[in-house]
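# A structural walkthrough
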Amino acid sequence: MKEKIIEILNKENLYEIGFAKIEYYRDIENVFLLQEKYNYRTPFQVGNVDSKTFKNEIIFKTAIVVLMPYCKISNKIKKEYAYVSASFNGVDYHLLLKEKLESVSLYLESLGYIAKIFVDNNYLDERYLAYRAGLGFYGLNHLLINDKYGSFFFIGVILTDAIFNYSKPLNKTCYMCKKCLEVCPNGAIMEDGNFNGNKCISFITQKKDISIEEEKLINQCIFGCDVCTNVCPHNLKVSECKNEDIFKIDAYSYSHLSNNDFKKNYGKYSFSWRGRNIFERNLNIYKQKLEKKDKL
Ligand code: B12
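Reading the values: rules and limits
- Residues numbered from 1 in each chain as written.
- Predicted model: local features only at pLDDT ≥ 70, side-chain atom pairs only at ≥ 80, totals over all residues.
- Domains from an automatic or database assignment.
- Nonpolar A, V, L, I, M, F, W, Y, C, P; charged D, E, K, R; others polar.
- Axes fitted to C-alpha atoms, helices over the stretch in contact; angles between N-to-C directions.
- Helix = DSSP H or I, 4+ residues; strand = E, 2+ residues; numbered from the N terminus.
- Parallel < 35°, antiparallel > 145°, perpendicular 65-115°, else oblique.
- Left-handed = near helix turned anticlockwise from the far one by under 90°.
- Contact = placed C-beta atoms within 7 Å.
- Near = placed C-beta within 6 Å.
- Pairing = 2+ DSSP bridges.
- Buried ≥ 20, exposed ≤ 12 C-beta atoms within 10 Å, placed from the backbone.
- Core = buried A, V, L, I, M, F, W, Y, C linked by C-beta atoms within 7 Å.

### Considerations on the domain arrangement of the chain
What the domain assignment lists for the chain is domain 1 (2-72 + 87-160) and domain 2 (179-295). In this structure, domain 1 and domain 2 have C-alpha centres spaced 24 Å apart. Counted by class, the side of domain 1 that touches domain 2 contains 10 nonpolar, 10 polar and 3 charged residues.

And the structure:
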């Protein structure tokens, strides 16, 4: 059954696949408790400590974890163009990856098993599941790093009640060069190994109400943030997106869109999930910065 699943996924061009045993994950319980204590948790994180550690799980036995790589964006984009971070650059990965995992869930269901697909906005801690499935190790920037793809990949998960031979976590750590910590513009990555999601620029570009101080942090990359990943030496091998594949928008000539036109033009991209207002807010912040510079 394992070989068949790998074969199905390979046909979908997915090659990094691991099998994690679902059990009570006590080793990360404290991470979530500390996160809540210090207010590091963002509202984009759903679920609670018990659901993420599978404390009371009775149905699922296995997480089949799959990585889907994406390309990185060079920071040599002309200043008049605003762009979105690499993870939001292409066609919505939530839909794409879910679709690719569909044939595995159908296969498992045909054998009488339960199978449920998850990508991103759900109660699971997907990085931890990928770590347990032997697909990578944690970086100081808190992203999971894979030997082939660096940290430039999305994670998809299928939970099932089927039982397999399980993969082992890798016994590896990142180089701890601290480059990510040094370049993070807002101190989200901390020396003590913690991560404050509320300070992460990626979160600030996506949240509704931002302060004047936070506005100062929004720049040419108007949605998401690649700063800590672009300096990471584990990402040197990651290939750059072709110029024509980079989503960019001329900040000077963009004019306000209706909700319908925004959906029509950008609905296929994952950044559109936050809607037009936030996108235009960030674009206008960048445009004002450009205009200020032009006047100098
Ligand atoms: C909420 C969220 C965010 C928030 C908060 C990020 C965060 N660090 O939690 C914000 C909006 C800031 C964000 C940003 C980004 N995100 Co995000 N995000 C999520 C989401 C929905 C939940 C994350 C979560 O539950 N965090 C929980 C907290 C506790 O995590 P943590 O503080 O980092 O703690 C971990 C480590 O400290 C570690 N750890 C600490 N102590 C110990 C001890 C032991 C023993 C072990 C084993 C581990 C361990 O384990 C903890 C749990 O994993 C996941 C999808 C999902 N359902 O999992 C995607 C996800 C993590 N994001 C992803 C991506 C791509 C990004 C961005 C790169 C997007 C961008 N370009 O802007 C940035 C990267 C920011 C960064 N450096 O982390 C990918 C990560 C892929 C990867 N290679 O790791 C995910 C998995 C989505 C996906 N399906 O692909 N994200």
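### Observations regarding the packing of helix α1 (residues 2-11) against helix α4 (residues 93-110)
Put simply, α1 and α4 touch, their axes get as near as 9 Å, and they point 155° apart. When the interaxial angle is binned, α1 and α4 end up roughly antiparallel. Classified by chirality, the crossing of α4 by α1 is right-handed. Between α1 and α4, the residues in contact are Lys4, Ile5, Ile8 and Leu9 and Ser103, Val104 and Tyr107, respectively.

### Some points on the site of the ligand
Among the 39 residues in the neighbourhood of the ligand, the closest are listed as Glu126, His142, Gly197, Ser202 and Gly224. Within the residue set of the shell around the ligand, elements represented by two or more residues are α2 (29-37), α5 (126-132), β7 (153-160), α7 (201-206) and α9 (227-230). Looking at which element gives the most residues to the shell around the ligand, the answer is α5, with 4 residues. Counted by class, the shell around the ligand contains 19 nonpolar, 14 polar and 6 charged residues. Both domains that furnish three or more residues to the shell around the ligand are identified here as domain 1 (2-72 + 87-160) and domain 2 (179-295).

### As for the sheet that holds strand β9 (residues 248-250)
Ordered by their spatial adjacency, 3 strands build an open sheet running β8-β3-β9, and the pairing between neighbours is mixed. On the outer flanks of this sheet lie β8 (221-223) and β9, each paired with one strand and no other. The sheet shows a mean angle of 35° between the axes of neighbouring strands, direction not considered. In the sheet, strand β3 (residues 81-84) pairs with β8 via 2 bridges, with the strands oriented parallel. Following the sheet pairing, Val84 is matched in β8 by Phe223.

### Examining the pairing of β3
Looking at chain direction, β3 and β9 are connected through 3 bridges and run antiparallel. From the neighbouring strand, Ala82 faces β9, where its bridge partner is Ile249.

### A word on the environment of Leu135
Note that Leu135 resides in the loop between α5 and β5 (137-138). Given 27 C-beta atoms within a 10 Å radius, Leu135 is considered buried. Between the alpha carbons of Leu135 and Glu16 there is a distance of 6.9 Å; along the sequence they are 119 residues apart.

### Things to note about the nonpolar core
Core analysis: the largest hydrophobic core is formed by 65 residues, its most contacted members being Val65, Leu129, Ala130 and Val157. Among the elements that line this core, the one with the most residues is strand β2 (residues 62-69), at 6 residues. Counting contributing residues per domain, this core is built from domain 1 (2-72 + 87-160) and domain 2 (179-295), each supplying no fewer than three. Look past the residues within four positions of Val65 in its chain and what remains in contact with it is Gly18, Ala20, Leu129, Ala130, Ala133, Leu135, Ile155 and Val157.

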